[in-house]
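A structural walkthrough
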Amino acid sequence: MINIQNIHKSFGQNEVLKGIDLTIEKGEVVVIIGPSGSGKSTFLRCLNLLEEPNEGVIEFEGKNLLDPKTDINLLRQKMGMVFQNFNLFPHKTVLENLTISPIQVKKETSAAAEKTALELLDRVGLKEKAQTYPNSLSGGQKQRVAIARALAMNPDVMLFDEPTSALDPEMVGEVLDVMKSLAESGMTMAIVTHEMGFAKEVADRVIFMDQGVIQEQGTPEEIFTQPKNPRTQNFLSKVLS
Amino acid sequence: MLKKISQGIFIFCLSLMTIGLFLPMTSLAKEEDPVYQKIETKKKLVVGLTADYPPYEFHAKVKGKDTVVGSDILLAEKIAKELGVELEIRELSFDALLGSMKTGKIDMIISAMTPTPEREKEAAFSDPYLIIDQKVVVLKKDQDKYLTTEDFSGQKVAAQKQSIQEDLAKKELTGSTVVSLPKVTDMIMQLQTQKIAGAVMEAPVAEAYVYQNKALAVSDVKFKDDKPGGSCIAMPKEATALLPKVNNIVKEVNDQDLMTKYNKQVSGYMFEDESFFKKYGSFYAKGIGYTIFLAFIGVLFGAVLGVLLALMKLSKLKVLKAIAVIYIEYVRGTPLLVQIFLVYFGTATLGLNVNALAAGCIAMSLNSGAYVAEIVRAGIKAVDKGQYEAARSLGMNHGKAMQHIILPQAIKNILPALGNEFVTVIKESSVVSVIGVSELMFQAGVVQGASFKPFLPIVVVSLIYFALTFTLSRLLGLAERRMSTSD
């Protein structure tokens, strides 16, 4: 579904991604782990061109994202993104956060968009918050709304950029539960996270990134129990202890 | 002349006159005079004037009623009486007088008007009924020092810019330096603060100021050529029968020195002990209206322009960005005064008929736009970058993301700053007075002239400006607090 070849990305003199190759299959849940500064968030943001790679190929559903002729807005509709800081629209109600893009971009009727939105809010357990504004929600609730908002566009793949890093510890669980049920429903997902337990439980494949390259990848068992790369061993010994 | 021509209204008059040319007119045969015929049939003489020039024509309370009085009025009454008809006075702005006569709205103009080559093209003028002496006003304590035109040698003397007094001073006050000032009140103020030794002006004006201020005196200095120009009665060119009749009356007036008598008769009205505000309040009220109008229009269109410029400056397109940057930097780097002249005279050079008020509005909007652009840009920049990314990640294009997500949030940052810009614009609009828009500062100048007081009107206008801006910033603070509690 997503085919990535030789992605390079620099910020000024600093080369953050030094040639990444990766293929994500339909229905697969890929979890990307690694120390901070390893380039994993930048890599994820390259997938929907929030960061533009300096070179490489990103194919999504058969189309090259880096081809100037490709309508990136159309492809982004098929790639939902969840941010570390939620990025809910504070001037819109929870319901409007979910309906604005389907109405404005997909030209859905507001009735249809609202119906879908309420179903999604029900799915993340926040139907009763539909008419409130995001600022009155807790962090966990905000992130669940953000997931529902991304789902409202009916995407083919969901990208999660450290979705629980800005949350108080007691709220991490509710968000992971929503993500878990989403994974079980067969959604294709790419997740950057520090939640190793979650990675172990939900991931089909775990990718360890460091210093701008993929150091090692494999099933959760392979990575967490028998890491081959000394960098992986070093990283895991720090985060799992 | 205190009556300055506002160019815009002048152009308006010209167009009125052009229309006038095409209006149906009765036969123009030499022996017939349609104007005189009209006066005869209606038994009424309609005289047009501008009642802001004491002692010739001005407003005063007569038996508690606001009336136009003055020596010109007494002259008009005399003419009406001689013609055996009733008199009707019609007040018009000075620039509109000739146009109104061309279109038959008034029969003649008696408004201390001096014939100039331009005016003589539009109307016929009687013989002068008033020859005005030119005098030098000095400080009373120096009265004995200045007795002849040579006594000003080595001193500074003031005259109104581009006036006959200016020419006279340059020609006859040998050895002196002539300072050209825009208004008589400026000359008096400089004289009182001893920055100049004397001020050259028309005798009646000089006498009025001396009457008002005991520290001043009219010097005994006599000019050799002290009779440049004089006031005449203007009539339509086709008034061939009326003109000689009027000239006869003027001759009688001159022979009997009636104007001197009239001036004495009305001088009582000029210095009535009426409170300053009762007398001039309406001037300020009108000025407040124009000032707020200017500021409102300036900020409104400035905001539209500012949003456009801000979006251009934030645009990825280099050309748009460059245009916006150059515009903003240029406008912010040049004085508003210069911009106002650029717009006012620039539009005229382009052949556009833009009156002073419109030019003022345009200049204020163009100026304000540059400042608002920076406010809007800062407001947009202050919206969290994640908001834009979230919008784009949902498939919105740049325009939709700006329209639905960024700008609605930026407005919260922009509105308070925009309110401050409104306050700034109110103050800066005072500069528009230079092209004759009758806003507060301009009105203060008018009151300076009419009241013979150079200082008080400026104090009053400063208080009005302060009251306006202070009230406004308080209201804005209140609105801001309410807005911030709403989220």
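Residues numbered from 1 in each chain as written. Chains lettered and ligands numbered in written order. Predicted model: local features only at pLDDT ≥ 70, side-chain atom pairs only at ≥ 80, totals over all residues. Heavy atoms only, no water.

If you look chain B up in an unreviewed UniProt entry, it shows as ABC transporter permease from Vagococcus humatus. What UniProt records for chain B under Subcellular location (unreviewed entry) is the sentence "Cell membrane". Under the heading Sequence similarities (unreviewed entry), UniProt records this for chain B: "Belongs to the binding-protein-dependent transport system permease family. HisMQ subfamily." (UniProt positions renumbered as here; feature names shortened; annotations may be inferred.)

For chain A, the name recorded in an unreviewed UniProt entry is Glutamine ABC transporter ATP-binding protein, with Vagococcus humatus as its organism. The Subcellular location (unreviewed entry) comment attached to chain A in UniProt states, word for word, "Cell membrane". One UniProt comment on chain A, placed under Sequence similarities (unreviewed entry), says "Belongs to the ABC transporter superfamily."

Further remarks concern the side chain of Glu 389 of chain B. One can find Glu 389 of chain B in helix 15 (residues 385-393). At 2.5 Å, the side chain of Glu 389 of chain B forms a polar contact with the side chain of Arg 45 of chain A. In contact with Glu 389 of chain B, not counting residues within four places along its chain, are Arg 45, Leu 50 and Phe 83 of chain A. (Helix = DSSP H or I, 4+ residues; strand = E, 2+ residues; numbered from the N terminus. Polar contact = N/O pair within 3.5 Å; in protein donor to acceptor, adjacent residues only side chain to side chain. Contact = heavy atoms within 4.5 Å.)

Another point: a nonpolar patch on the surface. Together, Leu 337, Val 338, Phe 341, Leu 342, Phe 345 and Val 434 of chain B make up a nonpolar patch on the protein surface, roughly 490 Å² of accessible area in all. Its location among the elements puts Val 338 of chain B in helix 13 (residues 336-349). (Patch = residues over 30% accessible without salt bridge, like charges linked within 9 Å, V, L, I, M, F, W, Y side chains within 5 Å. Areas by Shrake-Rupley, 256 points an atom, 1.4 Å probe, with all protein chains shown as cover. Salt bridge = Lys/Arg side-chain N within 4 Å of Asp/Glu carboxyl O.)

Moving on: the nonpolar core. Counting residues in each nonpolar core, the largest one holds 85 residues, and the members touching the most others are Ile 4, Leu 17 and Phe 43 of chain A together with Tyr 284 and Ile 435 of chain B. In this structure Ile 435 of chain B touches Ile 340, Phe 341, Tyr 344, Ala 356, Ala 359 and Gly 360 of chain B, once residues within four positions along its chain are discounted. Ranked by size, the runner-up nonpolar core spans 51 residues in total, among them Tyr 36, Leu 83, Ile 132 and Met 235 of chain B. (Core = buried A, V, L, I, M, F, W, Y, C linked by side-chain atoms within 4.5 Å. Buried < 20%, exposed > 50% of the residue type's maximum accessible area, 1.4 Å probe, protein only.)

Overall, the coordinates contain 22 salt bridges over all chains when judged by the stated rule. Linking Glu 252 of chain B and Lys 78 of chain B is a salt bridge whose minimum nitrogen-to-oxygen distance equals 2.8 Å. Of the two residues, Glu 252 of chain B sits in helix 9 (residues 242-255) while Lys 78 of chain B sits in helix 3 (residues 71-83), which places them 174 residues apart along the sequence. Its salt-bridge partner being Glu 374 of chain B, residue Arg 377 of chain B comes within 3.5 Å of it at the nearest N-O pair. Of this pair, Arg 377 of chain B and Glu 374 of chain B both sit in helix 14 (residues 356-381), three residues apart, which is roughly one turn of the helix. The exposure class assigned to Glu 374 of chain B is buried, which follows from its relative accessible area of 14%. What you see here is one network of salt bridges that share partners, running through Arg 45 and Glu 51 of chain A together with Lys 385 and Glu 389 of chain B.

The next thing to look at is the interface of chain A and chain B. A common way to express how large an interface is: the accessible area buried when the components associate. Contacts between the two partners involve 23 residues from chain A and, on the opposite side, 18 residues from chain B. Between chain A and chain B, a total of about 1700 Å² is buried, with carbon and sulfur atoms accounting for 58% of that surface. Our count for the contact surface shared by chain A and chain B stands at one salt bridge. Measuring nitrogen to oxygen at the nearest pair gives 2.5 Å for the salt bridge that ties Arg 45 of chain A to Glu 389 of chain B. (Buried area = accessible area lost by both parts, 1.4 Å probe.)

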